[in-house]
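Reading the structure
What follows is each chain in one-letter form.
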Amino acid sequence: MDFSVLYIGSGQATWNGAVPLAKSGVKVGVIEESQYGGVCSNKGCNAKIILDKPIELVERIKALQGRGLDGVPSINWADLMAHKHELIVPQDHHGKQRLVDAGITTITGRAEFVNAHTVLVNGQEYTADKIVIATGLRPHRLNIPGKELFHDSTDFLSLAQLPQHMTILGGGFVAIEFATIASACGVKVDVITRGDQILRQFPSQYVASVKADLKKQGVRFIPNMTINSAQKVGQEILLQGSHEFSLTTDYVLDATGRIPNHDRLNLDTLGVSYTDKGIVVDDYLQTNVAGIYAAGDAIDKKTPKLTPTAAFESRYLAAKFMGKNDQPIKYPVISEIVFTSPRIAQVGVGLDEALANPERYDVSQVSYDGDWFRQVENENGAYLSLIFDKQANDQLVGAAELSHEADNTINTLVPYIQMKMTREALNDLIYVFPSIEYTLQRRLPLV
């Protein structure tokens, strides 16, 4: 065999495990057809955060007008985009160099399976004892007349000049985060969804608050609408949909979801099981074909498809391949966040689920309005929910927050939930004052 372990894809689901595996002496190869480091590093999470950060700062500065600050800075999109390129463009090189420095053989090109231990890249065959599919997701594109006029998330993250009027199709992470960014930069934004909900995986009451805030900024939501066609009319795009709907706009962002890349691997030749949501694996991340594994967003799974989850799976496989872990994968609690303004973050049992099951869960919901520490930044409309399991000695099993500091709060709570701490144990901790953590503890219901 050319390799002991061969990875297809070079993102988080690969390098987090491939690097320690190679450093342990295992012969590792990585195949990448696009940019090394994957979507998150090159055209996803990292780029989005760069664009989002100034907007977050501006919102917080607005809240302090007349409270020690005068004047609100404006967003210079051209400068911001230049800064994004400055940080992101080198990621491809850094991603490849990280692998090379670990002693990993890098192969650039598109891989197709020949058999369970062989792949073909650029006309050359490579063999491996184990092959890990870590090909991730790509943007879904609507298949309607005029679809070539639409743009996807990759296009938006490299947009040289903002349009005056942007129409976003979809109501998930990408759609609402980009609506937040564009609107804050002065763009007229419409969000069109096939259903009547956005951000379905987050607490409905917090989502409603974010939606109301976006509406105040001028974002228009058009629910229960199916777009059937698009055509160029002068310099604009005419969208037509159900119920005789029509709309002219300058720019259309297709944010209707993401789909796995397994359709490009020739899996049918091997009989590897998959669905339209990804590759089917067992509790050891192995497919139905011995020696072929999958990790990250390429998997069909209920577990959230997030960067940290992919990294966790990659480390699990590395430990398994090194003989350090022969147990099924056991996921810890997984936190997630949507970068709206304010943010919504959550971990563990969902708030909507807990509220629907009062016989099982005790939900403590509090408002930060009037809280001393939050008054420092004049933040209003921030909320926290803590979820305790009555059947497990009042163990903290979930939390959700709507605030500018939601990520910090939820990150504080992640280990508490993972360690199965009870309400009583949480009250025995002492934090630095003043701090978000101290404020959080003050909101804990007493035993």
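In case you missed it, the structure is sitting above this.
In this report, the structure presented in the accompanying data block is examined.

Definitions and cut-offs
- The residue numbers shown here count from 1 along each chain, following its written sequence.
- pLDDT decides what is reported in this predicted model: residues at 70 or higher carry local features, side-chain atom pairs at 80 or more are listed and counted, and totals for whole chains, interfaces and linings draw on all residues regardless.
- In computing side-chain values, all of the structure's heavy atoms are included and hydrogens and water are not.
- A run of H or I in DSSP counts as a helix once it spans at least four residues, and a run of E counts as a strand once it spans at least two, with each numbered from the N terminus.
- Any residue under 20% of the maximum accessible area for its type is buried, any over 50% is exposed, and the rest in between are partly exposed; the area is computed with a 1.4 Å probe on protein chains only.
- Contacts between residues were defined by any pair of non-hydrogen atoms, one from each residue, lying within 4.5 Å.
- Values of accessible area rely on a 1.4 Å probe in the Shrake-Rupley scheme; residue burial ignores everything except the protein chains shown.
- Two residue types count as positive, namely Lys and Arg, and two as negative, namely Asp and Glu; His and chain ends fall outside the count.
- Charge positions are represented by NZ for Lys, CZ for Arg, CG for Asp and CD for Glu.
- Here the rule is simple: two strands pair whenever DSSP picks up at least two bridges between them.
- Lines fitted to C-alpha atoms define the axes, with helix axes restricted to the stretch in contact, and inter-axis angles between N-to-C directions lie between 0 and 180 degrees.
- In a left-handed crossing the near helix is turned counterclockwise from the far helix by less than a right angle, and in a right-handed crossing that turn is clockwise.
- By the convention adopted, Pro, Cys, Tyr, Trp, Phe, Met, Ile, Leu, Val and Ala count as nonpolar, Lys, Arg, Asp and Glu as charged, and the other residues, Gly among them, as polar.
- Like-charged residues within 9 Å of one another, or nonpolar side chains (Val, Leu, Ile, Met, Phe, Trp, Tyr) within 5 Å, are grouped into patches, provided each residue has over 30% relative accessible area and no salt bridge.
- Every case where a carboxyl oxygen of Asp or Glu lies within 4 Å of a side-chain nitrogen of Lys or Arg is listed as a salt bridge.
- Among buried residues, those of type Ala, Val, Leu, Ile, Met, Phe, Trp, Tyr and Cys that are joined through side-chain atoms within 4.5 Å constitute a nonpolar core.
- Pairs of cysteine sulfur atoms within 2.5 Å are what we label disulfides.
- Pairing of aromatic rings covers Phe, Tyr and the six-membered ring of Trp, with a centre-to-centre limit of 6.5 Å; geometry is then stacked below 30 degrees between planes, edge-to-face above 60, and tilted otherwise.
- Two limits define a charge over a ring: the Lys NZ or Arg CZ must be within 6 Å of the ring centre, and within 35 degrees of the ring normal.

Along the protein chain, the regular secondary structure elements total 14 helices and 23 strands. Evaluated residue by residue, the protein chain yields a buried proportion of 50% over its 447 residues. The long-range fraction of contacts in the protein chain, counting pairs at least 24 apart against all pairs at least 6 apart in sequence, stands at 62%. Accessible area for the protein chain stands at about 20500 Å²; split by element, carbon and sulfur atoms hold 49% of it. Averaging the positions of the 42 positive and the 51 negative side-chain charges in the protein chain gives two centres separated by 1 Å.

Right, let's get into the pairing of strand 19 (residues 335–338). Sheet faces and side chains relate simply in a regular strand, where the side chains alternate between the two faces. Bridge count between strand 19 and strand 20 (residues 343–348): four bridges; the pairing is antiparallel. Bridged to S335 within strand 20 is V347. Counting the residues that bridge the hairpin from strand 19 to strand 20 gives four residues.

Two elements in contact, helix 3 (residues 45–63) and helix 4 (residues 77–88), have axes whose closest approach is 10 Å; the angle formed by their N-to-C orientations is 145 degrees. In this structure, the crossing between helix 3 and helix 4 has a hand that is right-handed. For the pair formed by helix 3 and helix 4, the contact residues are N46, A47, I50, L51 and P54 on the first element and W77, L80, M81, H83, K84, L87 and I88 on the second. Residues belonging to the contact of helix 3 with helix 4 are distributed by class as follows: nine nonpolar, two polar and one charged.

Before going further, it helps to examine a nonpolar patch on the surface. A grouping of W372, V376 and F433 is seen on the molecular surface, where their side chains present a nonpolar patch of about 360 Å² in accessible area. Mapped onto the elements, V376 comes out in the loop between helix 11 (372–375) and strand 22 (383–389). Here V376 falls in the partly exposed class, since its relative accessible area comes to 48%.

As a further point, take the sheet that holds strand 12 (residues 236–241). The sheet built from three strands is open, its strands ordered 11-12-13 with antiparallel pairing. Strands with a single pairing partner mark the edges of an open sheet, and in this sheet they are strand 11 (227–233) and strand 13 (245–249). For this sheet the average axis-to-axis angle between neighbouring strands, irrespective of direction, equals 20 degrees. Here strand 12 runs beside strand 13; their pairing, made up of five bridges, is antiparallel. In the strand pairing of strand 13, L239 is matched with L247.

This next bit is on the pattern of salt bridges. Across all of its chains, the model carries 17 salt bridges by this definition. A salt bridge links E56 to R60; the shortest N-O distance between them is 3.0 Å. One end of the pair is E56 and the other is R60, both in helix 3 and four residues apart, which spans about a single turn. According to the relative accessible area criterion, E56 is buried, its value standing at 7%. Assessed through its relative accessible area of 16%, R60 is described here as buried. For the salt bridge of R343 with E56, the shortest nitrogen-to-oxygen distance reads 3.5 Å. Of this pair, R343 sits in strand 20 while E56 sits in helix 3, and the two are 287 residues apart along the sequence. R343 gets classed as buried once you look at its relative accessible area, which sits at 5%.

Looking at soluble globular proteins, one finds that nonpolar side chains tend to be buried together. Formed by 46 residues in total, the largest nonpolar core has its most connected members in L6, Y7, I104, F113 and V119. Contributing elements (two or more residues each) for this core: strand 1 (3–8), helix 1 (12–23), strand 2 (28–32), strand 4 (111–115), strand 5 (118–121), strand 6 (124–133), strand 18 (292–294) and helix 9 (307–321). Ignoring any residue separated from it by four or fewer positions in sequence, one finds I104 in contact with A18, V19, A22, V28, G29, V30 and L99. Ranked by size, the runner-up nonpolar core spans 40 residues in total, among them L51, F178, A179 and Y206.

We now examine the state of the cysteines. Any covalent bond linking the sulfur atoms of two cysteines counts as a disulfide. The final tally for this structure, using the stated rule, is zero disulfides. You can see C185 has no disulfide; the closest cysteine sulfur is in C45, sitting 19 Å from it.

The next thing to look at is unusual backbone geometry. Backbone torsion omega between S341 and P342 reads 5 degrees, so that peptide bond is classified as cis. Within the element layout of this structure, P342 appears in the loop between strand 19 and strand 20. Positive phi outside glycine occurs at N378, with the angle close to 55 degrees. Along the chain, N378 falls in the loop between helix 11 and strand 22.

A word on the packing of aromatic side chains. Two descriptors summarise a pair of aromatic rings, namely the distance from one centre to the other and the angle between the planes of the rings. Counted under the stated rule, the structure contains five aromatic pairs. Ring geometry for Y293 and F321: centres 5.1 Å apart, planes at 75 degrees, overall edge-to-face. Here F321 lies in helix 9 and Y293 lies in strand 18, a separation of 28 residues in the sequence. Neither Y293 nor F321 differs from the other in exposure class; each is buried. A connected cluster of aromatic rings, assembled from ring pairs, spans W77, F156 and F178. Sitting above the plane of the F3 ring, K27 keeps its charged end 6.0 Å from the centroid. The cationic tip of R98 hangs over the ring face of W15; the distance from NZ or CZ to the ring centre is 3.8 Å.

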